Protein chains: 2
Amino acid sequence: MKSSAHASGVNRRVLLATAALLPMPALLRTKSALAQEAGSPLASWNDGPAKQAIIDFVRATTDRTSPRFVLPEERIATFDQDGTLWVEHPMYTQMIYCLDRVPAVVATKPELKDVEPFKTVLSGDREAMAKLTLPDLEKIIFATLTGMTTDVYADEATKWIETAKHPRWNRLYTELTYQPMLEVLHYLRANAFKTFIVTGGGQDFVRFYSERVYGVPPEQVVGSGLATKYGYDKDGRPILMREPKLVLNDNDVGKPEGIYQMIGRRPHAAFGNSTGDQQMLEYTGAGDGARFMMLIFHDDATREYAYGPAQGLPDTKVGTFTQALYDEAKKDGWTVISMKNDWKRIFAFE
Amino acid sequence: MKSSAHASGVNRRVLLATAALLPMPALLRTKSALAQEAGSPLASWNDGPAKQAIIDFVRATTDRTSPRFVLPEERIATFDQDGTLWVEHPMYTQMIYCLDRVPAVVATKPELKDVEPFKTVLSGDREAMAKLTLPDLEKIIFATLTGMTTDVYADEATKWIETAKHPRWNRLYTELTYQPMLEVLHYLRANAFKTFIVTGGGQDFVRFYSERVYGVPPEQVVGSGLATKYGYDKDGRPILMREPKLVLNDNDVGKPEGIYQMIGRRPHAAFGNSTGDQQMLEYTGAGDGARFMMLIFHDDATREYAYGPAQGLPDTKVGTFTQALYDEAKKDGWTVISMKNDWKRIFAFE
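Everything numeric here is computed off the predicted structure, so don't read it as measured data.

What counts and what doesn't
Residues numbered from 1 in each chain as written. Chains lettered and ligands numbered in written order. Predicted model: local features only at pLDDT ≥ 70, side-chain atom pairs only at ≥ 80, totals over all residues. Heavy atoms only, no water. Helix = DSSP H or I, 4+ residues; strand = E, 2+ residues; numbered from the N terminus. Buried < 20%, exposed > 50% of the residue type's maximum accessible area, 1.4 Å probe, protein only. Contact = heavy atoms within 4.5 Å. Areas by Shrake-Rupley, 256 points an atom, 1.4 Å probe, with all protein chains shown as cover. Pairing = 2+ DSSP bridges. Axes fitted to C-alpha atoms, helices over the stretch in contact; angles between N-to-C directions. Right-handed = clockwise from strand over helix to strand, strands pointing away. Buried area = accessible area lost by both parts, 1.4 Å probe. Salt bridge = Lys/Arg side-chain N within 4 Å of Asp/Glu carboxyl O. Polar contact = N/O pair within 3.5 Å; in protein donor to acceptor, adjacent residues only side chain to side chain. Nonpolar A, V, L, I, M, F, W, Y, C, P; charged D, E, K, R; others polar. Least-squares fit on C-alpha atoms with pLDDT ≥ 70 in both. Parallel < 35°, antiparallel > 145°, perpendicular 65-115°, else oblique. Phe/Tyr/Trp six-rings, centres within 6.5 Å; stacked < 30°, edge-to-face > 60°. Lys NZ or Arg CZ within 6 Å of the ring centre and 35° of its normal.

## As for the overall build of chain A
In terms of helices and strands, chain A carries 16 helices and nine strands. For chain A, the residues scored as buried account for 54% of the 350 residues in total. Considering only residue pairs separated by 6 or more positions, chain A has 64% of its internal contacts joining residues 24 or more positions apart. When the accessible surface of chain A is split by element, carbon and sulfur atoms take 55% of a total near 15400 Å².

## Some thoughts on the sheet that holds strand E1 (residues 76–79) of chain A
With mixed pairing, seven strands are arranged side by side in an open sheet as E6-E5-E4-E1-E7-E8-E9 (chain A). Across the chains shown, the open sheet's two edge strands, defined by having one partner strand only, are strand E6 (238–248) and strand E9 (335–338) of chain A. Each strand of the sheet is rotated relative to its neighbour by a mean of 30°, with strand direction disregarded. With three bridges joining them, E1 of chain A and strand E7 (residues 269–272) of chain A adopt parallel strand pairing. Of the residues in E7 of chain A, the one forming a bridge with alanine 77 of chain A is alanine 269 of chain A. Here helix H14 (residues 278–285) of chain B sits on the sheet and contacts strand E5 (221–232) and E6 of chain A; the angle it forms with E5 of chain A, its principal contact strand, is near 95°.

## With respect to the environment of proline 238 of chain B
Tracing the chain through its elements places proline 238 of chain B in strand E6 (residues 238–248). Owing to a relative accessible area of 14%, proline 238 of chain B belongs among the buried residues under this scheme. If near-sequence neighbours (up to four positions away) are discounted, proline 238 of chain B is found in contact with Glu282, Tyr283 and Ala286 of chain A together with Tyr230, Gly231 and Tyr232 of chain B.

## So, the pairing of strand E7 (residues 269–272) of chain B
All names here are of chain B. The alternating pattern of E7 places Ala269 and Phe271 on one face and Ala270 and Gly272 on the opposite face, and all of these are buried. One ladder, built from four bridges, connects E7 with strand E8 (residues 292–297); its direction is parallel. Counted as the bridge partner of phenylalanine 271 is methionine 294 from E8. Each parallel crossover has a hand, and the one from E7 via H14 to E8 is right-handed.

## Points about the environment of tryptophan 86 of chain B
Residues and elements named next belong to chain B. Note on placement: tryptophan 86 falls in the loop between strand E1 (76–79) and helix H5 (93–108). Judged by relative accessible area, tryptophan 86 falls into the buried class, the value being 2%. Each C-alpha atom of the pair tryptophan 86 and threonine 177 lies 4.0 Å from the other, and the pair is 91 residues apart in sequence. With sequence-adjacent residues up to four places away left out, tryptophan 86 is seen in contact with Gln81, Thr93, Tyr173, Thr174, Leu176, Thr177, Tyr178, Tyr209 and Tyr214.

## Things to note about the interface of chain A and chain B
How big an interface is tends to be expressed through the accessible area that disappears when the partners come together. Listed per partner, the contact involves 53 residues of chain A and 53 residues of chain B. Carbon and sulfur atoms make up 54% of the surface buried where chain A meets chain B, a total of about 4600 Å² over both sides. Area buried by chain A at its contact with chain B is led by Glu219, Tyr230 and Tyr260 of chain A, which between them contribute 16% of it. Remark: the boundary between chain A and chain B carries eight salt bridges. Glutamate 219 of chain A is the salt-bridge partner of lysine 194 of chain B, the closest N and O atoms lying 2.8 Å from each other. One can count 26 residue pairs in polar contact (both at pLDDT 80 or more) joining chain A with chain B. For the side of chain A that touches chain B, the element with the most residues is helix H2 (residues 9–21) of chain A, which contributes six residues. Considered class by class, the residues forming the side of chain A that touches chain B number 27 nonpolar, eight polar and 18 charged.

## Topic: the relation of the copies chain A and chain B
Its rotation angle being 180°, the transformation that places chain A on chain B also includes 0.0 Å of axial translation and leaves an RMSD of 0.0 Å. Given the turn and translation reported, the copies of this chain are related as if by a two-fold rotation axis. Mapped onto chain B, 100% of the interface residues of chain A again fall at the interface, so both copies present the same surface.

## Quick word on the packing of helix H13 (residues 254–262) of chain A against helix H14 (residues 278–285) of chain A
Residues and elements named next belong to chain A. In the contact formed by H13 and H14, the axes pass within 7 Å of each other and the chain directions differ by 55°. In terms of axis orientation, H13 runs oblique to H14. Every residue of H14 that contacts H13 at Lys255, Pro256, Ile259 and Tyr260 is listed here: Gln279, Met280 and Tyr283. When its residues are assigned to classes, the contact of H13 with H14 shows five nonpolar, one polar and one charged.

## What to know about H14 of chain B
Counting buried positions over the eight residues of H14 of chain B gives seven, a clear majority of the element. Within H14 of chain B, burial applies to Gln278, Gln279, Met280, Leu281, Glu282, Tyr283 and Thr284 of chain B.

## A few points about the sheet that holds E6 of chain B
Taking strand neighbours across the sheet as the criterion, the seven strands line up as E6-E5-E4-E1-E7-E8-E9 (chain B) in an open arrangement whose pairing is mixed. This sheet does not close on itself; its edge strands, each paired only once, are E6 and strand E9 (335–338) of chain B. Averaged over all adjacent pairs, the angle separating strand axes in this sheet is 30°, with direction ignored. Here H14 of chain A sits on the sheet and contacts strand E5 (221–232) and E6 of chain B; the angle it forms with E5 of chain B, its principal contact strand, is near 95°.

## Here we look at the packing of aromatic side chains
With the rule as written, the count across this model stands at 46 aromatic pairs over all chains. Between tryptophan 45 of chain A and tryptophan 343 of chain A the ring centres are 5.9 Å apart and the planes differ by 75°, which places this aromatic pair in the edge-to-face class. With tryptophan 45 of chain A in the loop between helix H3 (24–38) and helix H4 (49–62) and tryptophan 343 of chain A in the segment after helix H16 (339–342), the pair connects residues that are 298 residues apart, well separated along the chain. One exposure class covers both tryptophan 45 of chain A and tryptophan 343 of chain A, and it is buried. Seen from their ring centres, tyrosine 178 of chain B and tryptophan 343 of chain B are 5.3 Å apart, and the 50° between their planes marks the pair as tilted. One end of the pair, tyrosine 178 of chain B, is in the loop between strand E3 (171–172) and helix H10 (179–190); the other, tryptophan 343 of chain B, is in the segment after helix H16 (339–342), and 165 residues separate them in sequence. A relative accessible area of 0% places tyrosine 178 of chain B in the buried class. An aromatic cluster is present here, built from Trp86, Tyr97, Tyr153, Trp160, Tyr173, Phe205, Phe208, Tyr209 and Tyr214 of chain A joined pairwise through their rings. A cation over an aromatic ring shows up here: arginine 242 of chain A above the ring of tyrosine 153 of chain A, its NZ or CZ 3.9 Å from the ring centre. Over the aromatic face of tyrosine 305 of chain B sits the side chain of arginine 168 of chain B, whose NZ or CZ is 4.8 Å from the ring centroid.

## Some points on the pattern of salt bridges
For the structure shown, the criterion picks out 29 salt bridges over all chains. The closest approach of N and O atoms between aspartate 47 of chain A and lysine 51 of chain A, which form a salt bridge, is 3.1 Å. When its relative accessible area of 9% is taken as the criterion, lysine 51 of chain A is described as buried. A salt bridge links aspartate 204 of chain A to arginine 207 of chain A, with the nearest nitrogen and oxygen atoms 3.7 Å apart. Of this pair, aspartate 204 of chain A and arginine 207 of chain A both sit in helix H11 (residues 203–207), separated by three residues, roughly a single helical turn. The residues aspartate 204 of chain A and arginine 207 of chain A share a single accessibility class, namely buried. The network of salt bridges with common partners includes Lys194 and Arg265 of chain A together with Glu211 and Glu219 of chain B.

Next comes the structure, spelled out in structure tokens:
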């Protein structure tokens, strides 16, 4: 699965062009046969209430004799990204990108060299960097993500995504996606659900790899977004310049607000892992009929990380899973899954 | 086509549930057979360069031996709505909705009765209403489209859409869609294009009927949008309140900016009819490979309306088609179609 996901652009183009040649029914038969061969749709999940809850939800919503049946067109599922679909430690991946970009930005704007917070980032002093404040980080975000055309940003970010590696595993960040969650995405799509990513991170960044990595096309990625400004370059060619202005803060209440703006339908299923996803799950659960809400609890320091004040784990300030969120989940019937106990394996490369 | 489009919610639900039961290959075969029976994919178009240009574009982008071949996943087409997919005279339909809502709003807020512009709207004096300024109209828009939950707005607007009629034809507004353009939408989708509406009007309003009327699901509607605010009702149930704050003005430069934000891919085809669509067509045309840009010129006063300063028609200030836009279209190779000459029929009911 991962090797084809990492096929080169050229190979992927050929692959898709070939697929386009097949008459559609043949293509569907092939897929269906493959699914049967693979056996269980959630192979990386341990048997237990969490896995069963997902299967029960899908069976009920796709069985037209069930009172919980949902029309295919209304089968919308939304997924947080950081900590839900891939690793978010030690820091949100896009923030690592921004920090990595600082030297290149300073090279074109030398006046920033001795100005904070850029000076600290250039020093490489990890202890000092860990103390950067939110306004500091915002300055870094605006300096590295804006002021260029959308095409230039796509080039810069794509190159990084294809080469930068996570220090703990020495693997591409896109390899640090959770195999059990890729299976949930696939299982839902195989049952006519339309899967959306609803991330607090930058939606443009995620769109550069969402289709290849998650099977989610760019137009199904909702996330925090910066403004663009339409204009023309010196040759009169239309361009979009990236502007230092937030148009959607897709965290907390911003998630249901962003879903209303960008999708226009209430999800029937929502997946998250932190207080930033709380309102998305509440909004999902407030709809009529079948709804499924799931939170991932990071309790596996051996295979991944263990964090979140719920159940006494340390609060790392990244993807906070508070005791209050845990209590709300239990009260409202959300499924809380334990990475340690519910996932047979975490990464495809294991 | 129109009769099934207007089937009741219950019948449509049954229809879709039945379709969901069919094995997919059979469903596809049926559709394909129907398409063959219907003959030409653009039956309501007169033969000529405009019709041929659409067919040539689709053939080139779907033929993998063509240098202009486009991968299925990248086949994005965007359509303006007012004046491109349905009638925009004498006024944008959503503005008529807002004016119609004024009495109901005043009934709940009697203090507005003697305040302008509400007083003028209540008077029913069409001449005075025609003189309302943009700030007046904005007051009416905010008073009628905000201050309620998204669910209440959906109920109010849906009821209106299902009953209000256009004075000239005495037909539902949703019947005043252009049959030739419905055929273009269908033809593109039959060739794996994903069709989006990119409207200057309110996207939430269009989403209430887009799937039924255009076959475009709500999540593929981009348009001007008002903010919502997440909160809880008196019973603690999550709600989204509609706020008097514009988050996207999806006109002019707002169209490519909105496409980047909401879709995240550059369209390969774009359809419009006014200066409000100019930048969307420019942005579409600035991409590599096969691109198709089309403008509809309203020159048929007998069957619809004739307006736009281009070619000496009156400037009605609705959907303005200027001489400068006409000149740009000619210079850049955009297809300009004449409703009078290129369309065999305009409405399905003709």
